[in-house]
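Secondary and tertiary structure notes
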Amino acid sequence: MIRCPKCGTVNPDGSRFCSNCGFKLPQTRIRCPVCGAYNPVSNIYCEKCHARLNPEAESAEETGVEDLISLPTRTNGDVPDWLRGLLAEEELSPEAIEEEPPVAPAEGLPDWLADLAPEEPAAEEEEAPAAPAGEGVPDWLADLAPEEPAAEEEAPAAPAGEGVPDWLADLAPEEPAAEEEEEAPAAPAGEGVPDWLADLAPEEPAAEEEEAPAAPVGEGVPDWLADLAPEEPAAEEEAPAAPAEEGVPDWLADLAPEEPAAEEEAPAAAPLEAAAPEEPAVELGVEEEEEEEDEEDLITPLPSTRAPDEEIPDWLKNLGERTEDATATTEALSQGAVPEWLRRIKPPGTGPLPPLEDVLGEVAEAEGGPARAEIPDWVRKLRPSEEQAASTPPPFAPSAMVDTGPLQGLSGIIPPAPALDAPPSYAPETPPEIPQTLREAAQLWQTILERPRGRRRPVARRRRQRSPWGDALIRLATSLLLIGVILAAIFDLVPGDLVGEARPAPQIGIAPSVEMIGNLQPDDLVIVAFEYGAAQKEEMDELSSALFAHLMERQVQIVAVSTSAQGAGIAESTLEQARRRYPDFADKVSNFGYLPGDATSTARFLATPQVQEAKLLIVFAADADHLRWWVEQNSTTAHPLPLIAAINGATAPLVRPYLESNKVQGWASGLIGAAGYWQARGLPLDEGLARRLTALRVAQWATAALILIGSAYYLFAGRKEAE
Amino acid sequence: MSAMGIGVEMIVAIIAAVITLAIFSYLLSDNLLYRWALALLVGGGTGFAFGAAMHYLLTWLEEGWQQTSVVGQVVYGIPVLLGLLLLFKSVPRLSPLGNISMGFVLGAGAALALAGALLGTLLPQVLAMSLPPDPTTTALINAAIVIAGTLAALFVFSPMPAYDAVEERSRPLILWLRRLGRGFIAVALAVAFAGALTTALTLMVERLWSLAAFFSKLIPLLGG
């Protein structure tokens, strides 16, 4: 694809102009001059027809004569009659040409051809400032020249390099450029002349310019070429009025070298028909613009008005067969030089016009015009269908005969109105494909627009401004209510009939816990993990007191450990209380301390052989993560230990699945679990624990009542305020 | 109990009572006493944790320093080296050096967590939901509730366009499944809230019990 440097539109490969803004696009492909196929820039030969794409890169040896045929070699016989008539208007009549005196060889040729002139006799060479044959001439041309040595010493060394394209100048022999510049100052380039033509202008010495009379310009040359010609005549005193210029564009005549008088005896200038085949092709590189190719096509059909016998130099005549071959090749190529589409176009009245679509297609194909691929897809989809096209009269149908108006009586006129009219229907053959997301969005908008307007729109509720003291009073009243209820239960001020007996709710897992600890034998190793901090200590202390009392009674060895720093300190505090309460078994209690590393340290600790010999693992945890670490890493060991989870009330719902999946065999949760453990052992509850349990129950009822009151207020009163 | 012990216990009890009352002062409003007690709790906990960690570290280094065998020195030296590299994380320019230690810690932790999650959580709980060969009515009901709750909760969180609310009316099954899922989620959150509330009330009861015990001891001391 080619991105337009002006507007950024992406155009198909091979596009010449931007489809959006018409800006001329840089060429990214080389168009084959033979078959028209586009090739990558790096290609030397066409991928389709294997034709040479870049003649500049060709060497003289590789290039055949046919490939180097110059454009102005067409004979009148190769041009259609009607075109010949057009061209004849800009040519000199043959009679005028015949009346002209003989032409010096160089006068009818560009200097690069003049340089190819045969090496004249030695006497003439001294006077003739002809450029050496090799200068500016391809080697293959130089080889064709007679082998007589050129008098290079006295030759003024025509600046072949300045008067020829670079690629020709590169072929010139390596002569010192300074001499050329001194002897042949550059002539000013004509205004309006392209650079490449201006470069071809001859660099003649100033003295010669003064002596040379003004030669008639443009008699046999089209005006546009005559205008481009430099103003300096090329002829010298000894060769006045070079007739050759009448049959040769003066820009070519100007390229002729400054011949001395002895050049009058030189062989006649070679006819263009003969010399042209050996002329290096003026074909533009395929990388150049198409317009230049068009200019080339315009130049091509210019016929030569020289009689072959008059212009063929002897050295070329001596070539014999070579000239015939070149002439034949010239004819063959000259036919190809005229585009087929141009050949088929006849002047008005000479024959039926070909279908316009064919002509346009050929023009587009020949000139690289807008291809069908350049039409965007969305435009192509809007093209009328075949049925519609069939039903629509052709817009360019020529009328039989015009009845009125200035064109009255003429036939074959294309009426303008149908071409300007819009098509009868723009219905595309297939509707454009609409993405699903756009359809859904459109449906959503349609739904919103069709929604009845009478419906209430949700608006942000504006809360009624309350005084900060009001909220504080509500919060204080609620807290005081709970504190009063709890204190009343603690100080046994609540009637027993109201709260009933202080009995904990039954918990699944307490009985197995009691059974596992009860089955322990003295000196069995029990690992106890303390995974809670100071904030949960008072709740967890009730559980630890209940379980530690049972463990101490079983006379087991207890090793405390914790993966949290605070837990290690709490473990030490709990063990100290156990030692004080059971001084006889104080030596069986030890604190392993802090295990940094969370799950990693847990796994490492459980994998030690001493721990693997333990009979029970008890985890006091106040959060789910710590219990999960112990459960999971215990499951990964070779011999998982029986595990009892002693947790607080907030953690219990989160880790209950472990009890259901039997990864935790024992269970005790919160203050109720502690009381339940005592009760499961068949021991009476401590009075303090019983009061606290009663206080907790009362507080729970009070909290539930407050929640109900608040919900009722919101349902009936608060919601109305909000509305 | 000695007089010194009574004195220490009373001092501890007084400090605990004052901090408890400072925390309770939040019932009125956010105030300086509450902030002071909160900072004391957080700072004391952090300081204790730092002290415990340093104690463990120094003890561990002492054990490593006393190692005489090469193997023992390597075993203790590698963690020390990794720990020193981890200190470079505090310097932005040198922080990449600490990535080695971080990678080691995170990699080992991820491996352990993966194995533990599979063997300790996922597979056991999936197996726990499987029905026995001769399931009881309770087990069937329990399994049905679990399956229904799981699927209904998934319908609640299923990603659907917002404007599907219009089409939802034409799909009563999905509408009711979503409502059922919201009901299950509400019950689950209510259970979690009940547990947290029970813990909070337990702590409140314990604190009030401690204050009551403190004042029950203080009053005889003050009044004789």
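Residues numbered from 1 in each chain as written. Chains lettered and ligands numbered in written order. Predicted model: local features only at pLDDT ≥ 70, side-chain atom pairs only at ≥ 80, totals over all residues. Heavy atoms only, no water.

**Concerning the overall build of chain A**
A tally of helices and strands in chain A yields 35 helices and ten strands. Split into buried and exposed, the 723 residues of chain A put 43% on the buried side. For chain A, long-range pairs separated by at least 24 residues make up 71% of all intrachain contacts whose partners lie at least 6 apart in sequence. Of the accessible surface of chain A, which amounts to about 38500 Å², a share of 55% is contributed by carbon and sulfur atoms. (Helix = DSSP H or I, 4+ residues; strand = E, 2+ residues; numbered from the N terminus. Buried < 20%, exposed > 50% of the residue type's maximum accessible area, 1.4 Å probe, protein only. Contact = heavy atoms within 4.5 Å. Areas by Shrake-Rupley, 256 points an atom, 1.4 Å probe, with all protein chains shown as cover.)

**What to know about the overall build of chain B**
The helix and strand tally for chain B stands at seven helices and zero strands. Scanning chain B from its N terminus toward the C terminus, one meets helices and strands in the order α-α-α-α-α-α-α. In chain B, which comprises 224 residues, the share counted as buried stands at 20%. Once local pairs closer than 6 in sequence are excluded, the contacts in chain B between residues at least 24 apart make up 32%.

**Focus on the packing of aromatic side chains**
Under the defined criterion, the tally for this structure stands at ten aromatic pairs over all chains. Ring geometry for Phe 530 of chain A versus Phe 548 of chain A: centroids 5.9 Å apart, planes at 35 degrees, classification tilted. Highlighted residues: Phe 530 of chain A in strand S5 (residues 525–531) and Phe 548 of chain A in helix H28 (residues 537–554), separated in sequence by 18 residues. Residue classification places Phe 530 of chain A among the buried positions, given a relative accessible area of 0%. With a centroid separation of 6.5 Å and an interplanar angle of 25 degrees, the aromatic rings of Phe 548 of chain A and Phe 620 of chain A are classed as stacked. Residue Phe 548 of chain A is found in helix H28, and its partner Phe 620 of chain A is found in strand S8 (residues 616–621); the two are separated by 72 residues along the sequence. Aromatic ring contacts, followed pair by pair, group Phe 530, Tyr 532, Phe 548 and Phe 620 of chain A into a single cluster. The side chain of Arg 475 of chain A reaches across the aromatic face of Tyr 26 of chain B, ending 6.0 Å from its centre. It is Arg 179 of chain B that lies over the ring of Trp 176 of chain B; its NZ or CZ is 5.1 Å from the centre. (Phe/Tyr/Trp six-rings, centres within 6.5 Å; stacked < 30°, edge-to-face > 60°. Lys NZ or Arg CZ within 6 Å of the ring centre and 35° of its normal.)

**Some thoughts on the interface of chain A and chain B**
Facing 53 residues of chain A, the contacting portion of chain B comprises 44 residues. Of the roughly 4000 Å² buried between chain A and chain B, counting both surfaces, carbon and sulfur atoms make up 72%. Inspection of the region where chain A meets chain B yields two salt bridges. Of the charged contacts, one joins Glu 206 of chain B and Arg 692 of chain A as a salt bridge, the two residues approaching to 3.0 Å between their closest N and O atoms. For the pair chain A and chain B, the interface holds twelve residue pairs in polar contact (both at pLDDT 80 or more). Listed by contribution, the elements that provide at least two residues to the side of chain A that touches chain B are helix H24 (436–450), helix H25 (468–490), H28, helix H29 (565–581), helix H30 (599–607), helix H32 (624–635), helix H33 (652–660) and helix H35 (687–722) of chain A. (Buried area = accessible area lost by both parts, 1.4 Å probe. Salt bridge = Lys/Arg side-chain N within 4 Å of Asp/Glu carboxyl O. Polar contact = N/O pair within 3.5 Å; in protein donor to acceptor, adjacent residues only side chain to side chain.)

**Considerations on unusual backbone geometry**
All names here are of chain A. The residue Asp 598 is not glycine, and still its phi comes out positive at about 50 degrees. Within the secondary structure layout, Asp 598 lies in the loop between strand S7 (589–594) and H30. Residue class for Asp 598 comes out partly exposed when judged on its relative accessible area of 35%.

**What to know about the pairing of S7 of chain A**
Residues and elements named next belong to chain A. Strand direction decides the pairing type here: strand S6 (residues 557–562) and S7, joined by five bridges, are parallel. Bridge assignment links Val 559 to a residue of S7, and that residue is Ser 590. What joins S6 to S7 is H29, and the crossover it makes is right-handed. (Pairing = 2+ DSSP bridges. Right-handed = clockwise from strand over helix to strand, strands pointing away.)

**Observations regarding the environment of Leu 606 of chain A**
All names here are of chain A. Mapped onto the secondary structure, Leu 606 falls in helix H30. Judged by relative accessible area, Leu 606 falls into the buried class, the value being 1%. Put simply, Leu 606 and Gln 633 are 27 residues apart on the chain and 7.6 Å apart in space, counted from C-alpha to C-alpha. Setting aside anything within four residues of it in sequence, one finds Leu 606 in contact with Val 611, Gln 612, Leu 617, Trp 630, Gln 633, Asn 634, Thr 637 and Leu 641.

**Quick word on the environment of Ile 185 of chain B**
All names here are of chain B. Among the structural elements, Ile 185 can be located in helix H7 (residues 172–223). For Ile 185, a relative accessible area of 22% gives the class partly exposed. As a C-alpha pair, Ile 185 and Gly 149 span 36 residues in sequence and 8.2 Å in three-dimensional space. Look past the residues within four positions of Ile 185 in its chain and what remains in contact with it is Ala 153, Val 156 and Phe 157.

**Observations regarding the confidence of the model for chain A**
Considering every residue of chain A, the mean pLDDT works out to 67; 46% of them sit at 70 or more. Across residues 144–165 of chain A, where pLDDT falls below 50, the model places 62 contacts with residues more than four positions away in sequence or in other chains. (pLDDT = per-residue confidence, 0-100.)

**As for the side chain of Thr 199 of chain B**
Here Thr 199 of chain B is to be found in helix H7. For Thr 199 of chain B, the contacting residues outside a window of four places in its chain are Glu 539, Asn 648, Gly 649 and Ala 650 of chain A.

**Brief notes about the packing of H28 of chain A against H29 of chain A**
In helix packing, the relevant descriptors are the interaxial angle and the interaxial distance, both defined with respect to the helix axes. Residues and elements named next belong to chain A. Look at H28 against H29: their axes get within 11 Å of each other, and the N-to-C directions meet at 45 degrees. Between H28 and H29, the interaxial angle falls into the category oblique. Here the hand of the crossing between H28 and H29 comes out right-handed. Here H28 contributes Lys 537, Asp 541, Ser 544, Phe 548 and Met 552 to the contact with H29, which in turn contributes Ile 570, Ser 573, Thr 574, Leu 575 and Ala 578. Classifying every residue of the contact of H28 with H29 by side-chain character gives five nonpolar, three polar and two charged. (Axes fitted to C-alpha atoms, helices over the stretch in contact; angles between N-to-C directions. Parallel < 35°, antiparallel > 145°, perpendicular 65-115°, else oblique. Left-handed = near helix turned anticlockwise from the far one by under 90°. Nonpolar A, V, L, I, M, F, W, Y, C, P; charged D, E, K, R; others polar.)

**Concerning helix H27 (residues 510–518) of chain A**
Residue and element names in this part refer to chain A. Every buried residue of H27 is listed here: Ile 510, Ser 513, Val 514, Met 516 and Ile 517. When H27 is viewed along its axis, its buried side chains cluster within an angular range of 165 degrees and face the same direction. Within H27, the exposed residues directed more than 90 degrees away from the buried face are Ala 511 and Glu 515. In the core, the buried residues of H27 are packed alongside H28, S8, strand S9 (643–647), strand S10 (666–669) and helix H34 (670–680). (Arc of directions from axis to C-beta.)

**Here we look at the sheet that holds S9 of chain A**
Residues and elements named next belong to chain A. Across the sheet, six strands lie side by side as S7-S6-S5-S8-S9-S10; this open sheet has parallel pairing. Strands at the two margins of the open sheet, each flanked by one partner only, are S7 and S10. Here the average twist between neighbouring strands, direction ignored, is 15 degrees. Sheet topology note: the S8/S9 ladder contains five bridges and is parallel. The residue bridging Val 619 from the neighbouring strand is Ala 645, located in S9. Each of S5, S6, S7, S8, S9 and S10 is contacted by H28, which is oriented at about 160 degrees to S8, the strand it contacts most. Where H33 meets the sheet, it contacts S9 and S10, and its direction lies at approximately 170 degrees from that of S10.

**Things to note about helix H5 (residues 137–157) of chain B**
The α-helix advances 3.6 residues per turn, and as a result positions three or four apart in sequence lie on the same side. All names here are of chain B. Helix length check: H5, at 21 residues, gives a terminal C-alpha distance of 30 Å against a target of 30 Å (1.5 Å per residue), a fit within 8%. Burial in H5 covers these residues: Ala 143, Gly 149, Ala 152 and Ala 153. Where the residues of H5 are buried, they touch H7. (Expected span 1.5 Å × (residues − 1).)

**Focus on the environment of Leu 575 of chain A**
Residue and element names in this part refer to chain A. Within the fold, Leu 575 resides in helix H29. On the basis of relative accessibility, which here comes to 0%, the residue Leu 575 falls in the buried class. Through-space distance from the C-alpha of Leu 575 to that of Ile 558 is 9.1 Å; in sequence the pair is 17 residues apart.

**Observations concerning the nonpolar core**
Residue and element names in this part refer to chain A. Grouped together as the largest cluster of nonpolar side chains are 64 residues, with contacts concentrated most on Ile 618 and Phe 620. Not counting chain neighbours up to four residues away, the residues in contact with Phe 620 comprise Val 528, Ala 529, Phe 530, Glu 531, Tyr 532, Met 540, Leu 543, Ser 544, Leu 547, Phe 548 and Ala 646. Counting 26 residues, the second-largest nonpolar core is a separate cluster that includes Leu 643, Ile 647, Ala 652 and Val 664. (Core = buried A, V, L, I, M, F, W, Y, C linked by side-chain atoms within 4.5 Å.)

**A look at the pairing of S9 of chain A**
Residue and element names in this part refer to chain A. Within S9, five of the five residues are buried, which leaves it mostly tucked inside the rest of the structure. What joins S8 to S9 is H32, and the crossover it makes is right-handed. By the bridge criterion, four bridges tie S9 to S10 in an arrangement that is parallel. Within the sheet, the bridge partner assigned to Ile 647 lies in S10 and is Ser 669. The parallel pair S9 and S10 is bridged by H33, and the resulting crossover is right-handed.

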